[in-house]
Amino acid sequence: MKTINNADIKDDDYVGRDLFGYPYNKKFPPDKKKYGSEYSGYRTPQQETFFYDFAILCYDVRFKYNGTDYYVIIRPEYCARTDESLRIEYEKFKNANDLIEHLTIDGFKLIDFMNQIEEVEVF
């Protein structure tokens, strides 16, 4: 697992900083008052993984949906859905939030089926 230094997280159009300087996803912000801190302020572990671990901490993610494994990677210039080897890129997106909003599998967008994901893990 890669180590992310808080100073390495680049602020951009969707990365904000709270009063203590910790990064958060401005487009999909956590709600710790409503959901507590168990999933970093998100309702489900799937939301925490994509909105925070992937989009903010820049971890690559493997997830299982309808019995099939999928892989998404984040790079400095883009994000992509890849094969298991991470070498073949099927689709590219301008950033992590763009991937979350526009990646389509079986006719459904990731943002819409995110909570039906069977397994999710960062690597």
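Structure shown above.
Quantities reported herein were computed from a predicted structural model and do not represent experimental measurements. (Residues numbered from 1 in each chain as written. Predicted model: local features only at pLDDT ≥ 70, side-chain atom pairs only at ≥ 80, totals over all residues. Heavy atoms only, no water.)

Engineer: Even after reading the chapter, I still don't get a nonpolar patch on the surface, so can you show me in this structure?
Structural biologist: Together, Leu19, Phe20 and Tyr22 make up an exposed nonpolar region whose accessible area comes to about 470 Å². Take Leu19: it is sitting in the loop between β1 (15-17) and β2 (23-25). (Patch = residues over 30% accessible without salt bridge, like charges linked within 9 Å, V, L, I, M, F, W, Y side chains within 5 Å. Areas by Shrake-Rupley, 256 points an atom, 1.4 Å probe, with all protein chains shown as cover. Salt bridge = Lys/Arg side-chain N within 4 Å of Asp/Glu carboxyl O. Helix = DSSP H or I, 4+ residues; strand = E, 2+ residues; numbered from the N terminus.)

Engineer: I tried to follow the sheet that holds strand β6 (residues 89-93) on my own but got confused; where do I start?
Structural biologist: Whenever strands of a sheet pair, they do so through backbone hydrogen bonds, lying parallel or antiparallel. If you walk across this open sheet you meet the five strands as β6-β5-β4-β3-β9, and the pairing is antiparallel. Looking along the sheet, the strands with just one partner apiece sit at the ends: β6 and β9 (119-122). Between one strand axis and the next, the sheet turns by 20 degrees as a mean value, whatever way the strands run. In this structure, strand β5 (residues 79-82) lies alongside β6, joined through four bridges in antiparallel fashion. Across the sheet, the residue bridging to Cys79 is Phe93, located in β6. Across the face of the sheet, helix α2 (residues 45-54) comes into contact with β3 (61-65), β4 (68-74), β5 and β9 while running at roughly 25 degrees to β9. (Pairing = 2+ DSSP bridges. Axes fitted to C-alpha atoms, helices over the stretch in contact; angles between N-to-C directions. Contact = heavy atoms within 4.5 Å.)

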